[in-house]
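A closer look at the structure
The primary structure of each chain is shown beneath.
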Amino acid sequence: MKIRVLVSYKESVLDPQGQTVRNSLHTLGYDFIQNVRQGKVFELDIDDLPREKMELLITEIAGKVLANPIIERFEWEILEKSGERHP
Amino acid sequence: MKCGVVVFPGSNCDFDTYHVLRDVYGQDTVFLWHKDHSLQNCDIVVLPGGFSYGDYLRSGAIARFSPLMQELQEFADRGGMVLGICNGFQVLLELGLLPGAMLRNKNLKFLCRHVHLRVENTSTPFTGRSERGRILRIPIAHFDGNYYSDPQTLDELKKHNRIVFRYCRADGNIDEESNVNGSMESIAGLINSGGNVMGMMPHPERASEAILGSEDGHVIFDSVFHYLKSGSPNKKTS
């Protein structure tokens, strides 16, 4: 099974990197961009687990290791279930 | 006194810190490998600067899970003295021994230069030999030193006088320019509620010998050794 975890700064936290990206987009003429928030993506290949247990563990890992809850928030999604992979 | 300097893969101020503790202050000093499980009866443990684990994930985030950190946590809980410098401060934040987190510097630049610090609290074991409001000139060298915490935590820190150092101008005044990295409240150093764990972004070990341009780091190390000998932070003899 493949899980994707997205980590980004909380709304209350300034993201100077995102702001810099937005500013350069404006410099290039893409004025319609209002705001940019930069984050991180983790793709986890995991063993098959019962759904409930998997949800519990992924949430635990994301909150304990992948994100720092003081400054960051996270969300995750299932990218691909076992057996769905195509060669 | 026995001093321990923790070594993580990617630590790069470990030898500087070891040298200063041993050769400048004449203390019995040992390196503590992060994979070991013993603090070797040290009286104070220093987490040095550097880039533990290449700053992967977040600064200090991986080092926090090193085996030795379990012992460090217990040592700190028992009142053991812990000093985190730069990356060591970041590790202490990730460990939860100090509150808050570090963001990238406000100007997105790695800052490596001397800054001025104002000593805000002189009743800690790390600053007992200083006068209140004394200005120290000590170098910083970091990318992620922009201190952040939620407003309640910040109020707690202020209320209990746990902000030990603030970035300031040479005359001691604080403004946006003197707050080099954008830290909340210009925080450069913090202490825990027990008063035995301190983290600071500036490097006192790089300001302990005149040949390096400043000896203001003595304030911190002298305070520590005074405290360990006398059991009390303050009370100067001269």
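Each value, and the rule that gives it
Residues numbered from 1 in each chain as written. Chains lettered and ligands numbered in written order. Predicted model: local features only at pLDDT ≥ 70, side-chain atom pairs only at ≥ 80, totals over all residues. Helix = DSSP H or I, 4+ residues; strand = E, 2+ residues; numbered from the N terminus. Rg over C-alpha atoms; globule rule 2.2 N^0.38 Å. Buried ≥ 20, exposed ≤ 12 C-beta atoms within 10 Å, placed from the backbone. Contact = placed C-beta atoms within 7 Å. Nonpolar A, V, L, I, M, F, W, Y, C, P; charged D, E, K, R; others polar. Pairing = 2+ DSSP bridges. Axes fitted to C-alpha atoms, helices over the stretch in contact; angles between N-to-C directions. Right-handed = clockwise from strand over helix to strand, strands pointing away. pLDDT = per-residue confidence, 0-100. Core = buried A, V, L, I, M, F, W, Y, C linked by C-beta atoms within 7 Å.

Once that is clear, we can look at the overall build of chain B. The helix and strand inventory of chain B stands at five helices and 11 strands. Compactness check: chain B gives a C-alpha radius of gyration of 16 Å against a globular reference of 18 Å for 238 residues, within 12% of the reference. If you line up chain B on its principal axes, its C-alpha atoms span 45 × 45 × 35 Å. Here chain B holds 238 residues, and 55% of them are scored as buried.

This brings us to the overall build of chain A. Along its length, chain A carries two helices and three strands. Mapped in sequence order, the helices and strands of chain A form the string β-α-β-α-β. Principal-axis analysis of the C-alpha atoms places the extent of chain A at approximately 50 × 35 × 15 Å. When burial is assessed residue by residue, chain A has 11% of its 87 residues classed as buried. At a minimum sequence separation of 6, the contacts of chain A that also span at least 24 residues come to 71%.

With nine residues of chain B at the interface, the matching set in chain A holds seven residues. Class assignment of the residues belonging to the side of chain B that touches chain A gives a composition of four nonpolar, two polar and three charged.

Two faces make up the sheet, and in a regular strand the side chains alternate between them. Covered by surrounding structure in strand β11 (residues 197-200) of chain B are B:V197 and B:G199 together with B:M198 and B:M200, the residues of both alternating faces. If you look at the hairpin formed by strand β10 (residues 187-191) of chain B and β11(B), you'll find five residues sitting between the two strands, and B:G195 has a positive phi there, around 75°.

The next subject is the sheet that holds β11(B). Residues and elements named next belong to chain B. Taken together, the nine strands give an open sheet; going across it, the order is β2-β1-β3-β4-β11-β10-β9-β6-β7, and neighbouring strands pair in mixed fashion. Edge strands, defined here as strands with exactly one partner in the open sheet, are β2 (28-33) and β7 (135-142). The average undirected angle you get between the axes of adjacent strands in this sheet is 25°. Relative to β11, strand β4 (residues 81-85) is paired through four bridges, and the arrangement is parallel. In the strand pairing of β11, G84 is matched with G199.

What follows is about helix α3 (residues 87-95) of chain B. Residues and elements named next belong to chain B. The buried count for α3 comes to nine of nine residues, which makes it a mostly enclosed element. Every buried residue belonging to α3 is among N87, G88, F89, Q90, V91, L92, L93, E94 and L95, and all of these are buried. Next to the buried residues of α3 lie β3 (44-47), α2 (68-77), β4, β5 (101-103) and β11.

Bringing the sheet that holds strand β3 (residues 72-80) of chain A into the picture now. Residues and elements named next belong to chain A. On the basis of which strands lie adjacent, the open sheet formed by three strands has the order β2-β1-β3 and antiparallel pairing. In the strand order of this sheet, the two ends are held by β2 (39-45) and β3, each with one partner. On average, adjacent strands in this sheet sit at an angle of 20° to one another, irrespective of strand direction. Here strand β1 (residues 2-9) runs beside β2; their pairing, made up of seven bridges, is antiparallel. Bridge pairing links V7 to K40 in β2.

Our focus in this paragraph is the environment of A:V5. Residues and elements named next belong to chain A. On the secondary structure map, V5 appears in strand β1. Each C-alpha atom of the pair V5 and E43 lies 6.4 Å from the other, and the pair is 38 residues apart in sequence. Once you skip the residues sitting within four places of it in the chain, V5 turns out to touch F42, L44, A62, L66, F74 and W76.

A few words now on the pairing of β4(B). Residue and element names in this part refer to chain B. Of all five residues making up β4, five are buried, and the element is well covered by its neighbours. Residues M81, L83 and I85 of β4 are buried on one face, and the alternating residues V82 and G84, pointing to the opposite face, are buried as well. Relative to β4, β3 runs parallel, the two being bridged by four bridges. Counterpart to V46 in the pairing with β4 is L83. Traced from β3 through α2 to β4, the parallel crossover comes out right-handed.

Below, the discussion takes up the confidence of the model for chain B. This prediction gives chain B a mean pLDDT of 95; 98% of its residues lie at or above 70. Across the assembled chains, the prediction reports ipTM 0.84 with pTM 0.93.

This part is about the nonpolar core. In this structure, B:V45, B:L92 and B:L117 are the most contacted members of the largest nonpolar core, which totals 72 residues. If near-sequence neighbours (up to four positions away) are discounted, B:L117 is found in contact with B:L136, B:I138, B:F165, B:R166, B:Y167, B:C168, B:A188 and B:P202. A:A62, A:L66, A:A67 and A:F74 belong to the second-largest nonpolar core, a separate cluster that totals five residues.

Let us now look at the environment of A:S8. Residues and elements named next belong to chain A. With respect to the secondary-structure elements, S8 resides in strand β1. A tally of 19 C-beta atoms within 10 Å means that S8 is categorised as partly exposed. For the pair S8 and A62, spaced 54 residues apart in sequence, the C-alpha separation works out to 12 Å. The residues contacting S8, other than those within four sequence positions of it, are R37, G39, E72 and R73.

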